[in-house]
Amino acid sequence: MARTTNANLDYVSPDKLLFDDENPRFGGSLSGASQPDIQKAIFGAPHYASELVDSFLENGYIDYEPLVVKRQGQSFVVIEGNRRLAAIQEIRGNLEKYPERKSDLDTVPVLILPDAGDGEDSNDVRIYLGVRHLLGFREWPPIAKAEFLDRESKKAGGLDQIIKEVRLTRQAVRRFLIPYRLLRAAKIRLPAGEDFWVLAEALGRAGVKKFLQLDVDSDTLEILGYNKANLKLVIDDLYGPRGATVRQGDASVKKVHDTRDLSTYASVLSSDKAAAVLHNGKGLTEAAIYVDTREQSQARLSKLVKELGVLIRKLMQQQKTAEAVAVQQNFRELESAVRAYLKKNA
């Protein structure tokens, strides 16, 4: 078959369309799966192609949204639109269930991207996917973007070529590839439903990278070395600890609950004493105290005493019980002692 040099629009039977088991959207979870298994997986959670069925039944297939495909023998692999294909196949495979189906599902519009003629994806396919998904026109989850960049960087031209084609900065590519390759090197799969980007954001902090003893090749962005024990601690801190037989993290005991905490977290990991406190069962707020200088700790103490005074006055104002009077008296003594200490040690 002659090499296709330009993308062209055509109408084909869904019977000629194949799901792409390597589609980055699936994060590698369907690699090598059979077509029926992919259909089943896409139709339900977390991809929910089932949500598209009613629209196709009511409106048929909208021509201005063709599936994007590449040739594979006499068939076509869908690289953009696998959820739509799953909905179409559900309807066509269950006519008794969907008697109101539209006849225009017998053929659907496809945009056939050029093939490279050597078994590899053409640059057109790479550029299309990169621009559409890495730059946000159709959003992939971050780990899918990382998988795409990692796979494509192994092909001709290497990392520099894919960076040039998709027009991402090298710094942006680092944020995807380094956490992805670190997890792969350590053979760690994140808990189901957890956000890969939390780890990516954490690795942008110098304190976290130092704690991990992370060594990365500056040219290829391949992982050269890291501290395995400390990586496990970081994954547990970010996603919750995992038992020997339980893969999903326990979010109730993770140390970092919001990406806004990552600066404090990195600071804690930069201090051996603070990191030891954190990993001996204390929370991030308490561990952060051990990062403070003496002056910072004194300022923190002064602030806490003032806040405690406000709380006591709010809760116990007008109360004359013995307990309330005792608390207020004890606080006045504490406040006086703290002020004397701070004045003496200023």
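The structure contained in this document is the topic of the report that follows. (Residues numbered from 1 in each chain as written. Predicted model: local features only at pLDDT ≥ 70, side-chain atom pairs only at ≥ 80, totals over all residues. Heavy atoms only, no water.)

## Here's the deal with the overall build of the chain
(1) Moving on: Helix and strand content of the chain: 15 helices and 7 strands.
(2) Moving on: Out of the 346 residues belonging to the chain, those deemed buried represent 41%.
(3) Moving on: If you take every contact in the chain between residues at least 6 apart in sequence, the share linking residues at least 24 apart comes to 61%.
(4) Moving on: Per element, the accessible surface of the chain, about 19300 Å² overall, is 51% carbon and sulfur. (Helix = DSSP H or I, 4+ residues; strand = E, 2+ residues; numbered from the N terminus. Buried < 20%, exposed > 50% of the residue type's maximum accessible area, 1.4 Å probe, protein only. Contact = heavy atoms within 4.5 Å. Areas by Shrake-Rupley, 256 points an atom, 1.4 Å probe, with all protein chains shown as cover.)

## Remarks on the environment of Asn-227
(1) Moving on: Within the secondary structure, Asn-227 is located in the loop between strand 7 (223-225) and helix 10 (228-239).
(2) Moving on: For Asn-227, a relative accessible area of 19% corresponds to the buried category.
(3) Moving on: Excluding its chain neighbours within four sequence positions, the residues that come into contact with Asn-227 are Phe-211, Leu-212 and Gln-213.
(4) Moving on: A distance of 3.1 Å separates the side chain of Asn-227 from the backbone nitrogen of Ala-229, its partner in a polar contact. (Polar contact = N/O pair within 3.5 Å; in protein donor to acceptor, adjacent residues only side chain to side chain.)

## Observations concerning a nonpolar patch on the surface
(1) Moving on: A cluster of nonpolar side chains, Leu-308, Leu-311, Leu-315 and Leu-334, forms an exposed patch at the surface whose accessible area comes to about 350 Å².
(2) Moving on: Looking at which element gives the most residues to the nonpolar patch, the answer is helix 14 (residues 294-316), with 3 residues. (Patch = residues over 30% accessible without salt bridge, like charges linked within 9 Å, V, L, I, M, F, W, Y side chains within 5 Å. Salt bridge = Lys/Arg side-chain N within 4 Å of Asp/Glu carboxyl O.)

## As for the packing of helix 10 against helix 11 (residues 262-269)
(1) Moving on: At a closest axis distance of 13 Å, the pairing of helix 10 and helix 11 adopts a crossing angle of 150°. In terms of orientation, helix 10 and helix 11 fall into the roughly antiparallel class. As helix 10 runs across helix 11, the sense of the crossing is right-handed. Along its contact with helix 10, which presents Leu-233, Val-234, Asp-237 and Leu-238, the element helix 11 presents Leu-262, Tyr-265 and Leu-269. (Axes fitted to C-alpha atoms, helices over the stretch in contact; angles between N-to-C directions. Parallel < 35°, antiparallel > 145°, perpendicular 65-115°, else oblique. Left-handed = near helix turned anticlockwise from the far one by under 90°.)

## What to know about the pattern of salt bridges
(1) Moving on: Evaluated as defined, the whole model comprises 19 salt bridges.
(2) Moving on: Asp-150 serves as the salt-bridge partner of Arg-181, at 2.7 Å between the closest nitrogen and oxygen. Within this pair, whereas Arg-181 is found in helix 7 (residues 170-186), its partner Asp-150 is found in helix 5 (residues 142-153), the two being separated by 31 residues in sequence.
(3) Moving on: The class of Asp-150 is buried, set by a relative accessible area of 5%.
(4) Moving on: Among the salt bridges present, the one from Asp-150 reaches Arg-184, with a minimum N-O distance of 2.6 Å.

## Things to note about the pairing of strand 3 (residues 67-72)
(1) Moving on: Pairing of strand 3 with strand 5 (residues 108-112), which is carried by 3 bridges, proceeds in the parallel orientation. Bridge pairing in strand 5 places Val-69 opposite Ile-112.
(2) Moving on: In terms of strand pairing, strand 3 meets strand 4 (residues 75-80) through 5 bridges, oriented antiparallel. Its bridge partner being in strand 4, Gln-72 is matched across the sheet by Ser-75. (Pairing = 2+ DSSP bridges.)

## Some thoughts on the nonpolar core
(1) Moving on: The biggest cluster of nonpolar side chains holds 48 residues, and the ones touching the most others in it are Leu-214, Leu-238 and Tyr-265.
(2) Moving on: What Tyr-265 contacts, discounting residues up to four positions off in sequence, is Val-208, Leu-233, Val-234, Asp-237, Leu-238, Val-256, Leu-278 and Leu-284.
(3) Moving on: Leu-17, Val-78, Leu-85 and Ile-112 belong to the second largest nonpolar core, which has 27 residues in total. (Core = buried A, V, L, I, M, F, W, Y, C linked by side-chain atoms within 4.5 Å.)

## Description of the sheet that holds strand 4
(1) Moving on: Read from one edge to the other, the open sheet built from 5 strands follows the order 1-5-3-4-2, with strand pairing classed as mixed. Strand pairing shows two members of the sheet lacking a second neighbour, strand 1 (8-12) and strand 2 (17-18), which therefore form its edges.
(2) Moving on: Against the sheet, helix 3 (residues 82-92) engages strand 2, strand 3, strand 4 and strand 5, with an angle of about 125° to strand 4.

## Let's talk about the packing of aromatic side chains
Each pair of aromatic rings is reported with the distance of its centres and the angle of its planes.
(1) Moving on: By the definition in use, this model includes 1 aromatic pair.
(2) Moving on: A centroid spacing of 5.0 Å and a plane angle of 50° characterise the contact between Phe-176 and Trp-197, whose relative ring orientation is tilted. Taken together, the positions of Phe-176 in helix 7 and Trp-197 in helix 8 (residues 196-202) put the pair 21 residues apart, joining distant regions of the chain. (Phe/Tyr/Trp six-rings, centres within 6.5 Å; stacked < 30°, edge-to-face > 60°.)

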